[in-house]
Amino acid sequence: MAYQVSSQSVSICEQLQITGRVFANRQQALAITEGPTDIVYKYFQAVKSDPLVQTILLHVDRPVEAREFEDYSVWLNLGIGFEFGEKVRKLSPGTVHLALPDNPSPRLRIMAEAYLDDDMLIAG
């Protein structure tokens, strides 16, 4: 089910021209979304109202001068095996660098270092 939901999320974000990343394990997720403010806000509200979502917190809401991500993808570390694709990929200590831009802004780098720690990257 995680793969199907993630694939659907990618499809929706591509249609809405939202770029960014979702990093998720079995306990938590970090979503970074970029796009027009009104579209990103509506997308956030739709996710917030989803019955599968237990708790959602908005950490940062700010305009950016330029997008940092070229596309939208979901990176999963669920401790279960399934086939990954181009837009739904495996999250691990060895793959996390592939999900991030080559030259992330200082703010993105700080956020990634804060949230993409061992608890997020090592499957339990």
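Each remark here, short or long, concerns the structure printed above.
Here goes a summary of the coordinates provided. As the structure is a prediction and not an experimental result, all values here were calculated from the model.

1. Topic: helix 1 (residues 2-16)
Here is step 1 of the chain: For helix 1, which comprises 15 residues, the first-to-last C-alpha distance of 21 Å matches the rise-based estimate of 21 Å (1.5 Å per residue) to within 8%.
Here is step 2 of the chain: Ser6, Ser9, Val10 and Cys13 are the residues of helix 1 that are buried. Within helix 1, the buried residues cover an arc of 100 degrees as seen down the axis, which keeps them to one side. Across from the buried face of helix 1, at angles greater than 90 degrees, the exposed residues are Gln4, Gln8 and Gln15.
Here is step 3 of the chain: For helix 1, the elements touching its buried residues are helix 2 (37-49), strand 3 (72-77) and strand 4 (88-90).
Here is step 4 of the chain: Directly beyond the C-terminal end of helix 1, a positive phi value near 60 degrees is found at Gln17.

2. Things to note about the pattern of salt bridges
Here is step 1 of the chain: Scanning the model with the defined rule gives three salt bridges in all.
Here is step 2 of the chain: The salt bridge partner of Asp71 is Lys87, with a shortest N-O separation of 3.0 Å. Taken as a pair, Asp71 in the loop between helix 2 and strand 3 and Lys87 in the loop between strand 3 and strand 4 lie far apart in primary sequence, 16 residues in all.
Here is step 3 of the chain: In this structure, a network of salt bridges that share partners links the residues Glu14, Arg21, Asp71 and Lys87.

3. Points about the environment of Ile56
Here is step 1 of the chain: Along the chain, Ile56 falls in the loop between helix 2 and strand 3.
Here is step 2 of the chain: Exposure remark for Ile56: the relative accessible area of 27% places this residue in the partly exposed category.
Here is step 3 of the chain: Those residues in contact with Ile56 that lie beyond four places of it in its chain are Phe44, Val47 and Lys48.

4. Section: helix 2
Here is step 1 of the chain: Taking 1.5 Å of rise per residue, the 13 residues of helix 2 would be expected to cover 18 Å, and the 18 Å separating its terminal C-alpha atoms lies within 8% of that figure.
Here is step 2 of the chain: The complete set of buried residues in helix 2 reads Val40, Tyr43 and Phe44. Projected down its long axis, helix 2 shows its buried positions confined to an angular sector of 100 degrees, all on one face. Those residues of helix 2 that are exposed and aimed more than 90 degrees away from the buried face are Tyr41, Lys42 and Ser49.
Here is step 3 of the chain: Looking at the buried positions of helix 2, the neighbouring elements they touch are helix 1, strand 2 (29-34) and strand 3.

5. Description of the nonpolar core
Here is step 1 of the chain: Membership of the largest hydrophobic core comes to 13 residues, with the highest contact counts inside it found for Phe23, Ile32, Leu91 and Leu116.
Here is step 2 of the chain: At the level of secondary structure, the elements contributing two or more residues to this core comprise strand 2, helix 3 (96-99), helix 4 (106-115) and helix 5 (118-121).
Here is step 3 of the chain: Excluding anything up to four places from it in sequence, Phe23 contacts Gln28, Ala29, Leu30, Ile32, Trp75, Leu91, Ala99, Leu100, Leu116 and Met120.

6. Some remarks on the pairing of strand 3
Here is step 1 of the chain: Taken across its six residues, strand 3 has six buried, putting it largely inside the fold.
Here is step 2 of the chain: As paired elements, strand 1 (residues 19-25) and strand 3 share six bridges and run parallel to each other. Bridging from a neighbouring strand, Asn25 pairs with Asn77 of strand 3.
Here is step 3 of the chain: Strand direction decides the pairing type here: strand 3 and strand 4, joined by three bridges, are parallel. Residue pairing for strand 4: Trp75 is matched across the bridge by Arg89.

7. What about the sheet that holds strand 2?
Here is step 1 of the chain: Here four strands make up an open sheet; going across it, the order is 2-1-3-4 and the pairing mixed. Every other strand in the sheet has two partners, leaving strand 2 and strand 4 as the edge strands with one partner each. This sheet shows a mean twist of 15 degrees between the axes of neighbouring strands, independent of strand direction.
Here is step 2 of the chain: Of the pairings in the sheet, the one linking strand 1 to strand 2 comprises six bridges and is antiparallel in character. For Ala24, the partnering residue across the bridge sits in strand 2 and is Ala29.

Rules used throughout
- Residues numbered from 1 in each chain as written.
- Predicted model: local features only at pLDDT ≥ 70, side-chain atom pairs only at ≥ 80, totals over all residues.
- Heavy atoms only, no water.
- Helix = DSSP H or I, 4+ residues; strand = E, 2+ residues; numbered from the N terminus.
- Expected span 1.5 Å × (residues − 1).
- Buried < 20%, exposed > 50% of the residue type's maximum accessible area, 1.4 Å probe, protein only.
- Arc of directions from axis to C-beta.
- Contact = heavy atoms within 4.5 Å.
- Salt bridge = Lys/Arg side-chain N within 4 Å of Asp/Glu carboxyl O.
- Core = buried A, V, L, I, M, F, W, Y, C linked by side-chain atoms within 4.5 Å.
- Pairing = 2+ DSSP bridges.
- Axes fitted to C-alpha atoms, helices over the stretch in contact; angles between N-to-C directions.

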